[in-house]
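Chain residues, written in single-letter form:
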Amino acid sequence: MVRENLETVKGIIRASCERAGRPESEVTLIAVSKTKPLELVQEAYEAGARDFGENKVQDLLDRIETMPSDINWHMIGHLQRNKVKYIVGRVAMIHSVDSLRLAEEISRESVKRQVETDILIEVNVAGEESKFGVSVEETASLVEKASKLPAVHVRGLMTIAPFVEDAEENRKYFQKLKQLSVDIENKNIDNVNMSVLSMGMTGDYSVAIEEGATFVRVGTGIFGERAFA
Ligand SMILES: *Cc1c(COP(=O)(O)O)cnc(C)c1O
């Protein structure tokens with residue numbers, strides 16, 4: 001089932017890229033395996049998936065231990081500062097940086113371990129009360145401050161769009177995040193590039209790709225419904 005789903009999702013990614021006139025190589029699919037049994041994660045790996053996303057530190061560590069080593073692991077969930085030390089050097093990217101204090105902690109741990117860590121700034125584009133992320137207005141300032149920290153590199157922006165019935169409702173938020181990333185790129189801040197836009201989930205990744213996503217994070221579409229979110 002996972003293999004078939006993965007093919008379906010890749011087909012939709014391909015079609016979305018075509019519609020948007022973008023090369024398919026610009027979009028990386030992150031298989032969001034959170035809460036899913038290991039067998040399904042292995043099935044996705046065997047079907048060719050090499051980028052996986054988890055939202056809890058302990059689950060991430062367990063999977064890094066058990067799965068093959070040629071996987072890019074993405075930390076996509078809210079990250080507490082006291083847990084940074086467990087994942088620095090072990091993940092390809094941290095998508096959920098939403099405060100300077102968190103960025104500082106990542107920097108400190110990275111220096112200590114002599115690794116470089118790529119991060120994304122999580123933006124609450126829709127301004128939802130329930131969501132983590134910095135506001136659109138605060139984003140550039142956080143990027144600038146984070147750019148000065150040793151051993152961390154801001155690679156772009158991430159957002160979790162609202163949960164909606166009709167993906168079209170989220171188009172404006174994807175456009176807003178894209179515009180924000182262009183504005184920040186134009187500031188030419190040292191040690192910052194805005195090459196990554198991590199946006200789009202099962203319900204709306206097609207629209208997100210049309211609006212410039214370079215990472216889409218798909219869970220349900222690959223692994224089926226989760227019992228708990
Ligand atoms: C769970 C999760 C996803 C995947 O959601 P689906 O709707 O199952 O595709 C993507 N991004 C984040 C940050 C998540 O927590």
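Residues numbered from 1 in each chain as written. Predicted model: local features only at pLDDT ≥ 70, side-chain atom pairs only at ≥ 80, totals over all residues. Heavy atoms only, no water.

Student: Explain the side chain of Asn 170 residue by residue, including any values.
Tutor: Within the element layout of this structure, Asn 170 appears in the loop between strand E6 (152-158) and helix H7 (171-185). Classification of Asn 170 by relative accessible area gives buried; the value is 1%. Every residue in contact with Asn 170, bar those within four places of it in the chain, is listed here: Ala 161, Pro 162, Val 164 and Asp 204. (Helix = DSSP H or I, 4+ residues; strand = E, 2+ residues; numbered from the N terminus. Buried < 20%, exposed > 50% of the residue type's maximum accessible area, 1.4 Å probe, protein only. Contact = heavy atoms within 4.5 Å.)

Student: If you had to explain the layout of surface pockets to someone new, which residues and values would you point to?
Tutor: One number sums up the size of the largest pocket: a volume of about 920 Å³. Of the pockets and cavities examined, the second largest pocket occupies roughly 230 Å³. Forming the walls of the second largest pocket are 13 residues, and the residues nearest its centre are Lys 10, Ile 13, Val 27, Thr 28 and Leu 29. If you list the elements that add at least two residues to the lining of the second largest pocket, you get helix H1 (2-20) and strand E1 (28-32). (1 Å grid on protein atoms, 1.4 Å probe; cavity = no way out; pocket = protein on both sides within 12 Å on 5 of 7 lines; lining within 4 Å. Points joined across faces, edges and corners; volume = space filled by probe spheres on them.)

Student: Would you mind going over the site of the ligand in detail, with residue names and values included?
Tutor: The environment of the ligand is formed by Val 32, Lys 34, Ile 76, Ile 160, Met 201, Thr 202, Arg 217, Val 218, Gly 219, Thr 220 and Arg 226. The separation between an oxygen atom of the ligand and a polar side-chain atom of Lys 34 is 2.6 Å. The side chain of Thr 202 places a nitrogen or oxygen atom 2.4 Å from an oxygen atom of the ligand. Bound to the protein, the ligand loses 90% of the 390 Å² it would expose on its own. (Near = heavy atom within 4 Å. Polar contact = N/O pair within 3.5 Å; in protein donor to acceptor, adjacent residues only side chain to side chain. Areas by Shrake-Rupley, 256 points an atom, 1.4 Å probe, with all protein chains shown as cover.)

Student: Summarise the pattern of salt bridges; cite the residues concerned and give the values.
Tutor: Using the criterion set out here, one finds 15 salt bridges in the structure. For Arg 108, the salt bridge identified is with Glu 105, shortest N-O distance 2.7 Å. In this pair, Arg 108 and Glu 105 are both assigned in helix H5 (residues 100-113), 3 residues apart and thus about one turn of the helix distant. For Glu 105, a relative accessible area of 16% translates into the label buried. (Salt bridge = Lys/Arg side-chain N within 4 Å of Asp/Glu carboxyl O.)

Any link to function would need more than the numbers given here.
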